[in-house]
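Spelled out, the chains give:
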Amino acid sequence: MARGSAVAWAALGPLLWGCALGLQGGMLYPQESPSRECKELDGLWSFRADFSDNRRRGFEEQWYRRPLWESGPTVDMPVPSSFNDISQDWRLRHFVGWVWYEREVILPERWTQDLRTRVVLRIGSAHSYAIVWVNGVDTLEHEGGYLPFEADISNLVQVGPLPSRLRITIAINNTLTPTTLPPGTIQYLTDTSKYPKGYFVQNTYFDFFNYAGLQRSVLLYTTPTTYIDDITVTTSVEQDRLVNYQISVKGSNLFKLEVRLLDAENKVVANGTGTQGQLKVPGVSLWWPYLMHERPAYLYSLEVQLTAQTSLGPVSDFYTLPVGIRTVAVTKSQFLINGKPFYFHGVNKHEDADIRGKGFDWPLLVKDFNLLRWLGANAFRTSHYPYAEEVMQMCDRYGIVVIDECPGVGLALPQFFNNVSLHHHMQVMEEVVRRDKNHPAVVMWSVANEPASHLESAGYYLKMVIAHTKSLDPSRPVTFVSNSNYAADKGAPYVDVICLNSYYSWYHDYGHLELIQLQLATQFENWYKKYQKPIIQSEYGAETIAGFHQDPPLMFTEEYQKSLLEQYHLGLDQKRRKYVVGELIWNFADFMTEQSPTRVLGNKKGIFTRQRQPKSAAFLLRERYWKIANETRYPHSVAKSQCLENSLFT
């Protein structure tokens, strides 16, 4: 179908070398407390896609100035969800351009009348560029999907006795350009014997469907006008068991901060005061990954209480942050958590499911974590974008280790490595670190997946993004995921851990499973000899149609997927006691992609179907992961955990 172009993106301007980027303000997860309230706006929103030829009718007619239904028909759209698979309108499935959401909200009277209350609108994510109006007033813009953004709207709701009704309008553009993340290109097809005038398509350079819309929760929350804006926590365990904290306060310079650290039984174990300090924790319980300790994922609670004087009188603010005490370190051949060797045995995932697309869904999330525990997986990578904040919280609670990846996927063309893109990529990494810095489950940042890292321009680009990420958070290693030749990779010298994607006997040497062990050994030996850094096999796998069987194994059958994994495992076992520190299967579950002759209703490399039913390979992988877990330092804890898992899931 014909697709219209986007309104021009907000100008980023040239990258000014030597100027600090620096995001303003914190991004604490909204929570209710004695001083804070939340009002979720999940549910049905009014929705319209702008099908005009230039996709600009909504701006030309100023749809945001009055209720959306007054300017034309609307449909119901659930939030959170991707809009692509909800409707029976075929034009919406692959729509590119501006879509419009609107919701009216009635606010509690105290929110609009108490001038000591600050009201904030927060959008969990909007893919990919969003403009927000409140009661027709341009309030907020944000570039990039997968991360939250917010605005203080107090001045729009506290204007008198009447405005308790709020109209929120959000326009979202999913167009991908050479300077977005992920990038893309627009291709105009000008052969008028085949295509109508103005016909164009969105080209992407990654293998998942470009779902879009309000895919995570939208909410309103309150704080006092003087409030706890941000908290940063780091921990150490080698000598003194310390929790180091730094707290940012906004709204007043006349305040007092009290800090308490509580254990899992709500007993106070340490106290502090002021905006920064160190808490010594006696008899500390460390945060350990799942299956690495008899009590994994131990979380303390850091309670922060603010009292302040304002022109309207005294105010108080309260915020509680979960804290896991653990350290991460990397040697030339090991990945260490709390000083102990850690081996990643896990999966790559996607936020993807039937109908909802990338829309956040609690039942699906809990099901996935139950499957991860059944599998014996202790880790996953957020391929290829930051997942919802609730996912990270579950990882903290369950001890699932995370390689936190930004949307730097599809960096395939030389024109994608430009100064504007670099500036935006750095800002995205700032947003990722700002949001996820306090999660103990996050042990490494990934700045990109399969960039064209053989290019000189890509090497410089990756060097700058990696260095910037390390400056933001020196406590965690940084990587990117490579599929380049070891001798040609220009980014590998700058990472702390080598992450490799390879698909032997799938994308080449079709069907020749006997070659995998040799090729895998050559891969590992060449990379380690050159870079002397620990290696993770970050992707491997085979496409499998559930229910297809053939023996001897043929491609696309369950037998072939199992046999390919078995050959990889034999090769991995030769190196994992040396310098290979992890293996992540591609993929946890089948997921949707763009249509092509090589994709039958999406990518079928999952060990589970898109509906989360196991293929034969899931049982093979489960047997392997529990075997590896039993080789850890804590076999008694693994045995107890496996007994529990067997009773719950078999």
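Small disclaimer: the values here were computed from a predicted structure and weren't measured.

J.: I'd like a rundown of the overall build of the chain, residues and numbers included.
T.: Looking only at helices and strands, the chain has 12 helices and 30 strands in total. Against the globule reference of 26 Å for 650 residues, the chain gives a C-alpha radius of gyration of 25 Å, in line with a compact fold. On the principal axes, the C-alpha backbone points of the chain span a range of 75 × 75 × 55 Å. The long-range fraction of contacts in the chain, counting pairs at least 24 apart against all pairs at least 6 apart in sequence, stands at 73%. Put simply, the chain shows about 25,800 Å² of open surface, and 52% of that area lies on carbon and sulfur atoms. Distance between charge centroids for the chain: 3 Å, based on 64 positive and 67 negative side chains.

J.: Explain the sheet that holds strand β20 (residues 328-330) residue by residue, including any values.
T.: Judged by pairing direction, the sheet is antiparallel, and its three strands sit side by side in the order β20-β21-β22 without closing on themselves. Each edge of the sheet is formed by a strand with only one pairing partner; in this case those strands are β20 and β22 (340-341). In terms of strand pairing, β20 meets strand β21 (residues 335-337) through three bridges, oriented antiparallel. Bridged to valine 328 within β21 is isoleucine 337.

J.: Describe the confidence of the model for the chain, and please don't skip the residues or the numbers.
T.: Regions with low pLDDT should not have their predicted coordinates read in detail. On average, residues of the chain carry a pLDDT of 92, and 93% of them reach 70 or more. For residues 1-21, every residue scores under 50 in pLDDT, and the model assigns this stretch 56 contacts once sequence neighbours within four places are set aside.

J.: Run through the sheet that holds strand β4 (residues 98-106), naming residues and quoting values.
T.: Reading across the sheet, the six strands line up as β3-β2-β4-β9-β6-β7 and stay open at both edges, with antiparallel pairing between neighbours. At either margin of the open sheet sits one strand with a lone partner, and together these are β3 (75-79) and β7 (137-143). Between one strand axis and the next, the sheet turns by 30 degrees as a mean value, whatever way the strands run. Note that β4 and strand β9 (residues 165-173) share nine bridges and pair antiparallel. When the sheet's bridge partners are listed, valine 99 is paired in β9 with isoleucine 172.

J.: Please give an account of the pattern of salt bridges that cites residues and values.
T.: Summed over the entire model, instances satisfying the criterion amount to 38 salt bridges. Salt-bridge contacts for arginine 36 lead to aspartate 317; the nearest nitrogen and oxygen are separated by 2.8 Å. In this pair, arginine 36 sits in the segment before β1 (38-40) while aspartate 317 sits in strand β19 (residues 313-323), placing the two residues 281 residues apart along the sequence. By the burial criterion, arginine 36 is buried, and aspartate 317 matches it. Between arginine 93 and aspartate 85 there is a salt bridge whose closest N-O contact spans 2.9 Å. The exposure class of arginine 93 is partly exposed, given its relative accessible area of 21%. Among the charged side chains, a salt-bridge network with shared partners connects Asp573, Arg576, Arg577, Glu583, Arg624, Lys627 and Glu631.

J.: If you had to explain the nonpolar core to someone new, which residues and values would you point to?
T.: Soluble globular proteins tend to pack their nonpolar side chains together in the buried interior. Ile231, Leu302, Phe335, Phe344 and Phe380 are the most contacted members of the largest nonpolar core, which has 139 residues in total. The element that contributes the greatest number of residues to this core is helix α11 (residues 616-629), accounting for eight residues. Filtering out sequence-adjacent residues up to four positions away, phenylalanine 335 remains in contact with Val328, Ala329, Val330, Lys340, Pro341, Phe342, Phe344, Val443, Met444, Pro477, Val497 and Val581. Grouped together as the second largest cluster of nonpolar side chains are 35 residues, Leu92, Phe95, Leu140 and Ile168 included.

J.: A description of the state of the cysteines should follow, citing residues and the corresponding values.
T.: In total, this model carries zero disulfides according to the counting rule given. Cysteine 499 supplies the cysteine sulfur nearest to cysteine 395, a cysteine that is in no disulfide, at a spacing of 17 Å. Residue classification places cysteine 395 among the buried positions, given a relative accessible area of 0%.

J.: Can you lay out the packing of helix α5 (residues 362-375) against helix α6 (residues 389-398) for me, pointing to particular residues and giving the numbers?
T.: The N-to-C vectors of α5 and α6 enclose an angle of 35 degrees; their axes lie 11 Å apart at closest approach. Crossing of α5 over α6 shows right-handed handedness. Residue-level contacts link Trp362, Leu365, Val366, Phe369 and Arg373 of α5 to Glu390, Val391, Met394, Cys395 and Tyr398 of α6. When the residues that make up the contact of α5 with α6 are grouped by side-chain class, the tally is eight nonpolar, no polar and two charged.

Here is what the cut-offs are and how they apply
- Residues numbered from 1 in each chain as written.
- Predicted model: local features only at pLDDT ≥ 70, side-chain atom pairs only at ≥ 80, totals over all residues.
- Heavy atoms only, no water.
- Helix = DSSP H or I, 4+ residues; strand = E, 2+ residues; numbered from the N terminus.
- Rg over C-alpha atoms; globule rule 2.2 N^0.38 Å.
- Contact = heavy atoms within 4.5 Å.
- Areas by Shrake-Rupley, 256 points an atom, 1.4 Å probe, with all protein chains shown as cover.
- Lys, Arg positive; Asp, Glu negative; His and termini not counted.
- Charge placed at Lys NZ, Arg CZ, Asp CG, Glu CD.
- Pairing = 2+ DSSP bridges.
- pLDDT = per-residue confidence, 0-100.
- Axes fitted to C-alpha atoms, helices over the stretch in contact; angles between N-to-C directions.
- Salt bridge = Lys/Arg side-chain N within 4 Å of Asp/Glu carboxyl O.
- Buried < 20%, exposed > 50% of the residue type's maximum accessible area, 1.4 Å probe, protein only.
- Core = buried A, V, L, I, M, F, W, Y, C linked by side-chain atoms within 4.5 Å.
- Disulfide = S-S within 2.5 Å.
- Left-handed = near helix turned anticlockwise from the far one by under 90°.
- Nonpolar A, V, L, I, M, F, W, Y, C, P; charged D, E, K, R; others polar.

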